[in-house]
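The residues making up each chain are set out below.
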Amino acid sequence: MMMLSRGGTSLVCACSRQQRHSYIRRLSSSNNTKSSDKNDSSTIVDQMKSFSIGSLAGMLGSLAGMGGGFVMIPMMTASRGLRLTQHQAHGTSLFAVGSTGLFGALAYGIKTGEEGEDDDIVNNSTDSKMPQQQGLVELDIALALTATAMVTARFGAIASSKMSERSLKRALGAFMLFIAPLVPGKKYLDDWLEGNDKVSSDKQVQTQIIDTSVAQQPSNLERLLPASFIGTFSGFLSGMFGVGGGAIVVPSLVLSTDMSHHAALGTSLCAMVLPAMVGVLTHANKGNVAWRVAPSLALGSAVGAYIGGKEIGLHLEEDVLRGGFGVLMLVLGARTWRTA
């Protein structure tokens with residue numbers, strides 16, 4: 001009887017252990033299912049957020065000749081944004097910057113040799129309004145910018161990876177605050193350049209009367225050398241800060257060449273595509289690209305850049321575009337610096 005009792009007790013214990021194990025497995029399976037559902041839901045939300053961020057940044061970037069990284073990065077690192085680290089935000093934004101540059105340049109159109117003279121006439125006749133024709137991107141200058149920017153973009157990305165989160169964020173905020181007045185201030189730069197052009201044209205007329213000589217067009221070297229020099233700096237900034245470098249390219253092109261503001265916008269967008277890709281590869285090798293959101297970010301950036309350049313930029317006055325972007329840079333730069 002004692003042995004039977006012991007056998008029954010062991011049988012009951014064995015059944016109890018099996019029930020507990022079964023319950024634990026069911027509980028674990030239920031938790032895994034809930035966790036999987038939660039992860040799927042979080043992924044969808046992040047995809048929607050990244051597409052929205054890319055659309056806004058691409059639109060604003062195409063209107064100012066920039067990649068939009070200044071807009072994307074603060075949103076991607078925010079607690080209500082994508083919650084990326086500062087290094088991940090800089091690397092991931094470059095993936096979308098390339099998309100902004102490509103589709104923004106297509107929206108402005110590639111200038112051909114046949115339409116160059118017509119575009120100059122129309123551009124010179126418009127006053128603070130976007131010309132209503134396509135063909136504003138000067139491809140040879142864009143290639144000169146790209147050639148040097150592709151080299152220095154890699155060094156910028158390497159320098160970024162060696163900086164601390166706080167230092168990188170403070171550097172980005174300081175740079176945004178620095179460029180905030182540059183874009184709106186270009187109006188005064190344009191006025192100054194137009195005044196110099198008038199003085200220069202008067203001198204040329206006097207010289208022609210005296211010497212009866214014909215002024216020569218600038219050589220290819222004189223046109224492309226300043227662009228190559230500008231690309232050296234813009235490429236480094238692009239790789240370091242995860243931006244397109246347009247904050248340097250656009251004012252520099254207007255100052256150092258005979259390009260109009262509108263042509264500088266389109267050319268800057270075209271020139272940032274390949275350097276951005278070089279920066280992406282360098283950041284990706286160091287694990288600083290969030291691939292789960294990068295495609296949707298780039299897709300949104302492409303849509304926003306094309307719509308911004310083709311549908312909005314052609315109908316807004318330059319003063320509105322410049323002022324709005326300057327205010328945006330001031331606000332985002334101050335916030336980035338303060339939260340560093």
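Reading the values: the criteria
- Starting afresh in each chain, residues are numbered from 1 along the sequence in its written order.
- This being a predicted model, a pLDDT of at least 70 is required before a residue's local features are given, and a value of 80 or more before pairs of side-chain atoms are given or counted; all residues contribute to the totals for chains, interfaces and linings.
- To get the side-chain values, all heavy atoms of the structure are used, and hydrogens and water are removed first.
- Every helix listed is a DSSP run of H or I at least four residues long, and every strand listed is a run of E at least two residues long, numbered separately from the N terminus.
- We call two residues in contact whenever any of their non-hydrogen atoms come within 4.5 Å of each other.
- Where accessible areas are quoted, they stem from the Shrake-Rupley method and a 1.4 Å probe; at the residue level, only the protein chains shown are allowed to cover.
- Relative accessibility decides the category of a residue: with a 1.4 Å probe and only protein chains considered, values under 20% of the type maximum give buried, values over 50% give exposed, and everything between is partly exposed.
- Fitted lines through C-alpha atoms give the axes, limited to the stretch in contact for helices. The angle between two N-to-C directions lies from 0 to 180 degrees.
- The sense of a crossing depends on the near helix, which, turned anticlockwise from the far helix by less than a right angle, makes the crossing left-handed and, turned clockwise, makes it right-handed.
- Under this grouping Gly is polar, as are all residues other than the nonpolar Ala, Val, Leu, Ile, Met, Phe, Trp, Tyr, Cys and Pro and the charged Asp, Glu, Lys and Arg.

Participant: For this particular structure, what's the right way to read the overall build of the protein?
Facilitator: Each helix and strand counted, the protein has 13 helices and 0 strands in total. Pairs at least 24 residues apart make up 83% of the contacts formed inside the protein by residues separated by at least 6 positions. A total of about 17500 Å² of accessible surface is found on the protein, and carbon and sulfur atoms cover 62% of it.

Participant: Please explain the environment of Phe236 as it appears in this structure.
Facilitator: With respect to the element layout, Phe236 can be found in helix H8 (residues 220–241). Taking relative accessible area as the criterion, Phe236 reaches 31% and is therefore assigned partly exposed. Residues Phe236 and Thr148, spaced 88 residues apart in sequence, show a C-alpha to C-alpha distance of 9.6 Å.

Participant: Even after reading the chapter, I still don't get the packing of helix H3 (residues 86–108) against helix H10 (residues 261–271), so can you show me in this structure?
Facilitator: Any two packed helices are characterised by how steeply their axes cross, that is the angle between the axes, and by the distance between the axes. Two elements in contact, H3 and H10, have axes separated by 7 Å at closest approach and are oriented at 145°. Considering how the two elements wind past one another, H3 and H10 form a crossing that is left-handed. Contacts between H3 and H10 pair Thr100, Gly101, Leu102, Gly104, Ala105 and Tyr108 from the former with Leu265, Gly266, Leu269 and Cys270 from the latter. Considering only residue class, the contact of H3 with H10 consists of 6 nonpolar, 4 polar and no charged.

Nothing here speaks to function; it is all geometry.
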